[in-house]
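Topology and contacts: notes
Chain residues, written in single-letter form:
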Amino acid sequence: MKSRWIIAGAAAFSLALLTLPLLKTGRGGETLPSKSSSAGTTAARAGSCDAEGTAKFDFVLKDQHNVPVKMADYKGKVVLLNFWATWCGPCKIEIPAFVELYDQYKDKGLVIVGVSVDDSPEQLQAFMKEYRMNYPVLQMTPDIETAYGPFYGYPTTFFIARDGSICIKHLGPATKAQFEKEIKTLLAAPAV
């Protein structure tokens, strides 16, 4: 009986830790703090968002057909970079919103890039067909995992401004309305 209480307490504590980002920002995303007082921060960065860090695009990842895709091709766009898996329940909930948002904003400078953390090309192809995924989906590599990780759970989503600033990091799922608000803000920022 005593071990059950210990397990229940540990589970409650873990759940509390997972909800801290939601409580901290009120929207489930982590707005990264500014380093505007640091040397080397440009006016362009300050104009796009209150950011810490710059996205790395120097990767070539394979898509669901094992075709190489250069992440550098997405420089200069607003990028929603979503790390997910086909077995992840909350990830599945977000995908229909991504499909709609990509349709709505791709011609305005948005690219949504899904990075599957451990699925095979065959699994991705079937899953993408079932969920009618219309945006690029790439396979995780150790290099991109090192650059954007460590990952403590999925989905994990980064919002990257046109100038490469990482503006927001969502830990866990978010709503379509949350994503759309953040997309509109970044698309409205001046292009660099």
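Everything discussed here concerns the structure shown above.
Residues numbered from 1 in each chain as written. Predicted model: local features only at pLDDT ≥ 70, side-chain atom pairs only at ≥ 80, totals over all residues. Heavy atoms only, no water.

The next subject is the pairing of strand 4 (residues 78-84). Burial analysis of strand 4 places seven of its seven residues in the buried class, which makes it a mostly covered element. Taking every second residue as pointing to the same face, both faces of strand 4 are buried, with Val78, Leu80, Asn82 and Trp84 on one and Val79, Leu81 and Phe83 on the other. Between the parallel elements strand 4 and strand 5 (residues 110-116), the chain passes through helix 3 (residues 89-105) in a crossover that is right-handed. (Buried < 20%, exposed > 50% of the residue type's maximum accessible area, 1.4 Å probe, protein only. Helix = DSSP H or I, 4+ residues; strand = E, 2+ residues; numbered from the N terminus. Right-handed = clockwise from strand over helix to strand, strands pointing away.)

For the structure on display, the rule yields two salt bridges. A salt bridge links Lys176 to Glu100; the shortest N-O distance between them is 2.5 Å. Of the two residues, Lys176 sits in helix 6 (residues 176-188) while Glu100 sits in helix 3, which places them 76 residues apart along the sequence. Residue Glu100 is classed as partly exposed on the basis of its relative accessible area of 41%. The closest approach of N and O atoms between Asp103 and Lys106, which form a salt bridge, is 3.9 Å. (Salt bridge = Lys/Arg side-chain N within 4 Å of Asp/Glu carboxyl O.)

Within the largest apolar cluster, 52 residues are counted, with the highest numbers of intra-cluster contacts made by Met71, Leu81, Phe83, Val113, Tyr135, Tyr148 and Ile160. Per element, the largest residue contribution to this core is seven residues, and it comes from helix 3. (Core = buried A, V, L, I, M, F, W, Y, C linked by side-chain atoms within 4.5 Å.)

What follows deals with the state of the cysteines. In total, this model carries one disulfide according to the counting rule given. Residue Cys88 pairs covalently with Cys91 via a disulfide, S to S 2.3 Å. Taking the sign of the S-S torsion, 80° for the link of Cys88 and Cys91, the bridge is right-handed. Accessibility expressed as a relative area gives 1% for Cys91, which makes it buried. (Disulfide = S-S within 2.5 Å.)

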